[in-house]
Amino acid sequence: MKDRPIGVFDSGVGGLTCAKELLKLVPNENMIYLGDTARMPYGVNTKETLVGYTNDDVDFLQRRDVKLIVVACGTVSSNVPANQIKNLSVPYIDVISPTISAAVKATKNKKIGIIATPATIKSGSFEQRLKMFDKDIETVSNGCPQLVTLVQDGYIDEDNFVTNNVCREYLAPIKAFGVDTLILGCTHFPIISKIIQNIMGDDVKLIDAGYETALEVKKVLKTLNLERTKPRDLVKYYVTSEPENFDQVANIFLGDGSNAKAILRDIKD
Ligand code: DGL
């Protein structure tokens, strides 16, 4: 069991914000990554549609014999509870709890912003959990669908004119609210964290859902005694369309001479 890979999925490159940290934090672990690029963006869909997509993604990973599944997607984490997944037979970790814990620890003025996909914001997942932790926390949120496609299409340069303008527009109400903490509740967004930080200012702490979830995975592997001890010998990236686009953004973001080469998943597979 310990030697089996970790499965990570998202609609596209967003889950790499978690995968990148996992590659560093748990250096022995093998990993199978799935980006469902043919059906992205996920964040503009209904719950019913998302349940169907998630079941396909989990099924694909389970057939590759993963020992644990990381839902590196805020949209799925917010809309598809584990009990709606058929034949789930391994631990399943989503981004909500680790992200909330980090935000609660970070805030001093108890004003927390959330940017995520429309489906995540509609679900109220982050807001409700924050209030459960501390009823005095005030939240402000904004659904930012355009940011997902900009990141997926590689508009990620710190100076990118379009992405900077779109971010400014989405972040204006969050800034006006005076938050000291901002949850990047869509895993695509940490890829443009420099742009977001420049707009929000250095006094605002950004919470990266991908990174926080990777920390949680490390803890869970230890608690469940699932840590692999042999050195890593497998990292595979699968996508459901346009592997070249995925590789381009993945290799910029993963850096460090990364040579991700995504495999096109046969949809019947
Ligand atoms: N990265 C995902 C999320 O965290 C999905 C974005 C999308 O496909 O809309 O929500």
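Structure: above.
First, a word on what this report is: a plain description of the structure on this page. These figures come from a predicted structure and were not determined experimentally.

## Quick look at the nonpolar core
Stage number 1. Core analysis: the biggest nonpolar cluster contains 54 residues, and Leu-16, Ile-115, Leu-182, Phe-189, Ile-196, Tyr-237 and Phe-246 have the highest contact counts within it.
Stage number 2. At five residues, the largest contribution of residues to this core is made by helix α11 (residues 243-254).
Stage number 3. The contact partners of Tyr-237, leaving out residues within four places of it in the chain, are Leu-16, Leu-23, Met-31, Tyr-33, Phe-246, Leu-254, Ala-260, Lys-261, Ala-262 and Ile-263.
Stage number 4. Counting residues in each nonpolar core, the second largest holds 21 residues, with Ile-32, Val-51, Tyr-92 and Ala-119 among its members.

## Some points on a nonpolar patch on the surface
Stage number 1. Taken together, Tyr-155, Phe-161 and Val-162 make up a surface patch of nonpolar side chains, about 320 Å² in accessible area.
Stage number 2. Along the chain, Val-162 turns up in helix α8 (residues 161-176).

## Focus on the pattern of salt bridges
Stage number 1. One pass over the structure, following the stated rule, counts 12 salt bridges.
Stage number 2. The partner of Arg-4 in a salt bridge is Asp-65, with the nearest N and O atoms 3.5 Å apart. Taken as a pair, Arg-4 in the segment before β1 (6-10) and Asp-65 in the loop between α2 (47-62) and β3 (68-71) lie far apart in primary sequence, 61 residues in all.
Stage number 3. Of the residues examined, Arg-4 reaches a relative accessible area of 24% and is grouped as partly exposed.
Stage number 4. On the basis of relative accessible area, Asp-65 is assigned to the partly exposed category, the value being 42%.
Stage number 5. Of the charged contacts, one joins Arg-228 and Asp-233 as a salt bridge, the two residues approaching to 3.5 Å between their closest N and O atoms.
Stage number 6. The exposed category is assigned to Asp-233, whose relative accessible area is 60%.
Stage number 7. Salt bridges sharing common partners tie together Asp-3, Arg-228, Lys-230 and Asp-233.

## As for the packing of helix α1 (residues 16-25) against α11
Stage number 1. Between α1 and α11, the shortest axis-to-axis distance is 11 Å and the interhelical angle comes to 50 degrees. In terms of their interaxial angle, α1 and α11 are classed as oblique. Handedness of the crossing formed by α1 with α11: right-handed. Contacts between α1 and α11 pair Leu-16, Thr-17 and Lys-20 from the former with Phe-246, Ala-250, Phe-253 and Leu-254 from the latter.
Stage number 2. Here the residues of the contact of α1 with α11 sort into five nonpolar, one polar and one charged.

## A short note on the site of the ligand
Stage number 1. Around the ligand sit 13 residues in total, of which Ser-11, Tyr-42, Gly-43, Gly-74 and Thr-75 are the nearest.
Stage number 2. Between the ligand and His-188 there is a distance of 2.8 Å, counted from a nitrogen atom to a side-chain nitrogen or oxygen.
Stage number 3. Protein chains bury 100% of the 300 Å² of accessible surface belonging to the ligand in isolation.
Stage number 4. In the shell around the ligand, the residues fall into five nonpolar, seven polar and one charged.

## Quick word on the sheet that holds strand β7 (residues 181-184)
Stage number 1. Spatial ordering of the open sheet is given by β6-β5-β7-β8, a layout of four strands whose pairing is parallel. Pairing within the sheet leaves two strands with one partner each, and these edge strands are β6 (138-143) and β8 (205-208). Direction aside, the axes of adjacent strands within the sheet are offset by 20 degrees on average.
Stage number 2. Packing against the sheet, helix α9 (residues 193-200) makes contact with β5 (111-116), β7 and β8, and its axis sits at approximately 155 degrees to β7.

Scoring rules and cut-offs
Residues numbered from 1 in each chain as written. Predicted model: local features only at pLDDT ≥ 70, side-chain atom pairs only at ≥ 80, totals over all residues. Heavy atoms only, no water. Core = buried A, V, L, I, M, F, W, Y, C linked by side-chain atoms within 4.5 Å. Buried < 20%, exposed > 50% of the residue type's maximum accessible area, 1.4 Å probe, protein only. Helix = DSSP H or I, 4+ residues; strand = E, 2+ residues; numbered from the N terminus. Contact = heavy atoms within 4.5 Å. Patch = residues over 30% accessible without salt bridge, like charges linked within 9 Å, V, L, I, M, F, W, Y side chains within 5 Å. Areas by Shrake-Rupley, 256 points an atom, 1.4 Å probe, with all protein chains shown as cover. Salt bridge = Lys/Arg side-chain N within 4 Å of Asp/Glu carboxyl O. Axes fitted to C-alpha atoms, helices over the stretch in contact; angles between N-to-C directions. Parallel < 35°, antiparallel > 145°, perpendicular 65-115°, else oblique. Left-handed = near helix turned anticlockwise from the far one by under 90°. Nonpolar A, V, L, I, M, F, W, Y, C, P; charged D, E, K, R; others polar. Near = heavy atom within 4 Å. Polar contact = N/O pair within 3.5 Å; in protein donor to acceptor, adjacent residues only side chain to side chain. Pairing = 2+ DSSP bridges.

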